[in-house]
Amino acid sequence: MNGRKTPVDYNMMIKKASIFLLFVQLAFMAMPPVVVASEEGEDFDALHHSANAYYLDFSPFPKVELPRIFVVQYEDGSYGLELFRSTTSAIRNGHYTVEVLHEESGADSTATESHSTATELGAATTDETLDDDAAIPLSELEGHLLAPAGGHIVLDLSISRHLFFAWLSMGIVLFIMIRLAGMYKRGIGRDTAPRGLFQNLFETLIMFVRDDIARPNLGDKSDKYLPYLLTAFFFILTSNLLGLMPFGATATSNLMVTVVLACFTFVITQLGGTKDYWMHIFWPPGIPTFVKPILMPVELLGIFTKPIALAIRLFANMTAGHLVILSLIGLIFSFANLFGSGAGFGVAPVSVAFALFVYLLELLVSFIQAYVFTMLSALFISMAIQEHHHDHDEAHHESSEHPAAHA
Amino acid sequence: MIVFAANLLAPDAGLIFWIAITFGALLFLLKKFAWGPITSALSTREETIHESLAQAEKALAEAKQLQADNTKDRREAEAQAQAIIREAREEAERLRTEEVDKTRTQIQHLQESAQAEIEREKDNALTSLRQEVADLAIRAAEKILRENLDADRQKKIVDNFLGDLSKN
């Protein structure tokens, strides 16, 4: 009894914690980017560690810039694809300029003001770089790039940090699963017992997704949707865990990534929708006719809120933990600035202990969120593919039985 | 001071594009090269285990049945053997008793015939003895009489003698 009850309690606790973390994170997002000036005068931006960027951060080792790919519309209206080895290269060789936002200027005025400053700064940078090979300050690499005069970037296909880590986790999943499949093809695990830690570990996870997520929700149709559920589960899990690695980034803490994942669930759900499913949305049975037009938009909205909730849940959970860790570490410097370095040293052990706790919590959350996303995807799909047997069916049965009774 | 912090919620069409394509590709590749073989292998193994268990159960039931049959057969065989032994013993006993009875009657017969033979032989012997004695007496008397008496007197004496003899 206790053994069964504890995970539920944990779940509740995690949910409560993640709601709390979500609030913390929303507070962060509502504010203009949090800048903590450290003693050296460098800016410490709690958000930019979680946010996307176009380089890999190996600090204290040098950063590795990632390739930039742009679909550009030129001055004459033609389109072109431009590739650069790095952002620095794009600025130096492609005459791209950095979009600059002034801190002093309000959020509303930044858009209009950015262009003028960007051209100024861009001109300055290109002039400088033409003269000497000095590296472009990293702070400039984090801004959005603007195409050279006259053109504009239609689509920025650059390999960003989050994309890099998403691909890394895809590569890891692909490598692991194809190796695992190779073992099964050779007969290990098919004709014999599974062998070794590698196979046992991943088989347990696969069996978990199949037996505890797919089958209870989807029943005999689980085989059709199992590949998607497994892919989503392992991709999310690997991405989440990569974010906990040193120098790593969490691809799933990017809303774009989670939105795409949710879109997959959305499309699969709608494609699997049965007649009953659409009937329940557009003409809900078992309620008075005059209520049906009111319910219809609500039901229609419900189709979209489910995947949106999926995307935001995963994004918020994966972002929140990182932000809390960064904030806890940031506390050390805030205290040092406010009350002197002694206070900073005094707070450090507490901050580090809490950060460690949150880190462990994140480890747990990584698994839980992968589970929750997959579980809810399976649930939504099962709701769409179900053949309902509700009042309207009973009414139908009754009407069909009546003639029989009369006869 | 210039801040370049990227917004967490900023839309990024390029990232959406890449992730959609690559996640789709991942789904396809895994479905084809990983999930297919893995799930089929797992279900094959499950079926094999299921079948093996069913077979083992069946085999166990068969073995139990066989054992029960064997036990029954052995009991029957034992019972049969007991019955045969008992019968044989009875038969032997009967034969023995019969034989003994037969022998006893034979012995009786032999005894009886021997008795009769003895009786007869005794009678014969007595008769021949008597004649022999009579002849001897006659011859002896003849000799005496030839010596002393006439024939009549001698005859009278012999008869007396014979009369005495038969009395004995």
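Residues numbered from 1 in each chain as written. Chains lettered and ligands numbered in written order. Predicted model: local features only at pLDDT ≥ 70, side-chain atom pairs only at ≥ 80, totals over all residues. Heavy atoms only, no water.

Q: Whenever I open this one, the overall build of chain A confuses me. Can you help?
A: Within chain A, the regular secondary structure consists of 13 helices and ten strands. Restricting to contacts in chain A with at least 6 residues of sequence separation, those with at least 24 account for 67%. Surface summary for chain A: the accessible area is close to 21,100 Å², and the carbon and sulfur share equals 67%. (Helix = DSSP H or I, 4+ residues; strand = E, 2+ residues; numbered from the N terminus. Contact = heavy atoms within 4.5 Å. Areas by Shrake-Rupley, 256 points an atom, 1.4 Å probe, with all protein chains shown as cover.)

Q: What's the story with the pattern of salt bridges in this structure? I'm lost.
A: Should their charged atoms come close, side chains of opposite charge can pair. If you walk through the whole model with that rule in mind, you get twelve salt bridges over all chains. One salt bridge connects Asp211 of chain A with Arg215 of chain A, and the closest N-O pair in it is separated by 3.6 Å. Of this pair, Asp211 of chain A and Arg215 of chain A both sit in helix α7 (residues 196-218), four residues apart, which is roughly one turn of the helix. On the basis of relative accessible area, Asp211 of chain A is assigned to the partly exposed category, the value being 29%. The closest approach of N and O atoms between Glu98 of chain B and Arg94 of chain B, which form a salt bridge, is 2.9 Å. You can see Glu98 of chain B and its partner Arg94 of chain B sitting in helix α1 (residues 13-147), four residues apart, about one turn around the helix. (Salt bridge = Lys/Arg side-chain N within 4 Å of Asp/Glu carboxyl O. Buried < 20%, exposed > 50% of the residue type's maximum accessible area, 1.4 Å probe, protein only.)

Q: Teacher, can you tell me more about a nonpolar patch on the surface here?
A: Residues and elements named next belong to chain A. Together, Trp278, Met279, Phe282 and Trp283 make up an exposed nonpolar region whose accessible area comes to about 370 Å². Here Met279 lies in helix α10 (residues 275-282). Residue class for Met279 comes out partly exposed when judged on its relative accessible area of 35%. (Patch = residues over 30% accessible without salt bridge, like charges linked within 9 Å, V, L, I, M, F, W, Y side chains within 5 Å.)

Q: In this structure, what is going on with the environment of Glu99 of chain A? I would like to understand it.
A: Residue and element names in this part refer to chain A. Tracing the backbone through its elements, the reader meets Glu99 in the loop between β7 (97-98) and β8 (101-102). Relative accessible area serves as the criterion here: at 23%, Glu99 is assigned to the partly exposed category. Considering only alpha carbons, one finds Glu99 and Leu271, 172 residues apart in sequence, at a separation of 41 Å.

Q: Looking at this structure, I do not really get the packing of α7 of chain A against helix α8 (residues 222-242) of chain A. What am I missing?
A: The description of two packed helices rests on the angle between their axes and on the distance between the axes. All names here are of chain A. For the pair α7 and α8, interaxial distance at closest approach is 10 Å and the crossing angle is 130°. Here α8 runs oblique to α7, going by the angle between their axes. As α7 runs across α8, the sense of the crossing is right-handed. Residues Phe202, Leu205, Ile206, Phe208, Val209, Arg210, Ala214, Arg215 and Leu218 of α7 form the contact with α8, whose own contacting residues are Ser222, Asp223, Tyr225, Leu226, Leu229, Leu230, Phe233, Phe234 and Leu237. A class-by-class count of the residues in the contact of α7 with α8 yields 14 nonpolar, one polar and three charged. (Axes fitted to C-alpha atoms, helices over the stretch in contact; angles between N-to-C directions. Parallel < 35°, antiparallel > 145°, perpendicular 65-115°, else oblique. Left-handed = near helix turned anticlockwise from the far one by under 90°. Nonpolar A, V, L, I, M, F, W, Y, C, P; charged D, E, K, R; others polar.)

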